Amino acid sequence: MKPKYKRVIIKLSGEALAGKKGFGIDPATIHVICQNIKKAQDLGVEIAIVVGGGNIFRGRDGEGMDRATADYMGMLSTVINALALQDALENMGVPTRVQTAIEMKEIAEPYIRRRAMRHLEKGRIVIFASGTGNPFFSTDTTAALRAAEIDAEVILSAKKVDGVYDSDPNINPNAKKIDRLSYIDVLNQGLKVMDSTAISLCMDNNIPVLVFGLDDPENIVRVLCGENIGTVVKGDN
Ligand code: GTP
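The structure contained in this document is the topic of the report that follows. (Residues numbered from 1 in each chain as written. Predicted model: local features only at pLDDT ≥ 70, side-chain atom pairs only at ≥ 80, totals over all residues. Heavy atoms only, no water.)

1. Some thoughts on the overall build of the chain
A count of helices and strands for the chain gives seven helices and eleven strands. The C-alpha radius of gyration computed for the chain amounts to 16 Å, which stays within 12% of the reference 18 Å derived for 237 residues, consistent with globular compactness. Projecting the C-alpha coordinates of the chain onto the three principal axes gives extents of approximately 50 × 50 × 35 Å. Within the chain, the fraction of its 237 residues that count as buried is 53%. When the accessible surface of the chain is totalled, it reaches about 11200 Å², and 49% of it is carbon and sulfur. Placing the 29 positive and 30 negative side-chain charges of the chain at their respective mean positions leaves the two points 4 Å apart. (Helix = DSSP H or I, 4+ residues; strand = E, 2+ residues; numbered from the N terminus. Rg over C-alpha atoms; globule rule 2.2 N^0.38 Å. Buried < 20%, exposed > 50% of the residue type's maximum accessible area, 1.4 Å probe, protein only. Areas by Shrake-Rupley, 256 points an atom, 1.4 Å probe, with all protein chains shown as cover. Lys, Arg positive; Asp, Glu negative; His and termini not counted. Charge placed at Lys NZ, Arg CZ, Asp CG, Glu CD.)

Written out as structure tokens, the structure is:
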């Protein structure tokens, strides 16, 4: 198998780490995901991971709370997830570095763009924690921002569903999967691929987003090798 990309961002939702438990961290699920990330790295791809925190706390779930405070709690949950991923990958012999956008130097390196790029060149997987470090921004926006910053060619957005649908497939059994979309389609049709800030950033910087399901974690390698299994969001679709 030959990868199509040299440097990518993998966006993992927090929920993906919870497995069937639906909440918290399921080490067996993380193990399988990391095995497949390792397979992808073994193909020679430089990989950075942006991880969400929805399995622990999501800013928008903080009903009645101050939004900024709730978002900071969400950012802290991404740090827990990043450490779980680091632990699982390093148990497999994959060198990693966690970089956090909110400084907590006893736990992880601070985010330093040039250092992150150097780690990638040296074959380390860099896991970005704490989102952008700012409330009101999602981890999808973090993926778009970091992709632009470190010159990643593409964002692999691993989800629970296997692509983008014209309506919610969990609610509407007749929902149709869409193979290709432009950024503008996503914005105009209000499709829930990423929030509008994240999609706009991808559009402005011409970063394609490949959305696919993590139900089969081998999909990570398939997508990297150019198989059209989910939904591609880019400028000229
Ligand atoms: P090179 O400079 O390429 O050798 O990279 P390196 O990451 O191995 O260099 P360094 O000696 O700076 O880091 C050694 C270890 O310390 C790595 O596991 C880093 O992730 C970790 N590390 C570096 N800076 C910090 C920090 O500010 N906080 C924490 N918690 N760990 C750090």
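2. Observations regarding the packing of aromatic side chains
Geometry of an aromatic ring pair is reported as the spacing of the ring centres plus the angle between the planes. The final tally for this structure, using the stated rule, is one aromatic pair. It is Arg146 that lies over the ring of Tyr111; its NZ or CZ is 3.6 Å from the centre. Above the ring of Phe128, the side-chain terminus of Arg146 is found at 5.5 Å from the ring centroid. (Phe/Tyr/Trp six-rings, centres within 6.5 Å; stacked < 30°, edge-to-face > 60°. Lys NZ or Arg CZ within 6 Å of the ring centre and 35° of its normal.)

3. A look at the packing of helix H1 (residues 27-42) against helix H2 (residues 67-91)
How two helices sit against one another is set out by the angle between their axes and by the gap between those axes. H2 packs onto H1 with a crossing angle of 60° between their chain directions and a minimal axis gap of 9 Å. Note that H1 runs across H2; the crossing there is right-handed. For the pair formed by H1 and H2, the contact residues are Ile30, Cys34 and Ile37 on the first element and Ala84, Leu85, Ala88 and Leu89 on the second. Among the residues making up the contact of H1 with H2, the classes are represented as seven nonpolar, no polar and no charged. (Axes fitted to C-alpha atoms, helices over the stretch in contact; angles between N-to-C directions. Left-handed = near helix turned anticlockwise from the far one by under 90°. Contact = heavy atoms within 4.5 Å. Nonpolar A, V, L, I, M, F, W, Y, C, P; charged D, E, K, R; others polar.)

4. A few points about the layout of surface pockets
The calculated volume of the largest pocket comes to roughly 1400 Å³. Lining the largest pocket are 47 residues, with Arg60, Asp140, Lys159, Lys192 and Val193 sitting closest to its centre. When contributions to the lining of the largest pocket are tallied by element, the ones reaching two or more residues are H2, helix H4 (139-150), strand S6 (154-159), strand S7 (164-165), helix H5 (183-189) and helix H6 (196-205). Of the residues belonging to the lining of the largest pocket, the class tally is 15 nonpolar, 19 polar and 13 charged. (1 Å grid on protein atoms, 1.4 Å probe; cavity = no way out; pocket = protein on both sides within 12 Å on 5 of 7 lines; lining within 4 Å. Points joined across faces, edges and corners; volume = space filled by probe spheres on them.)

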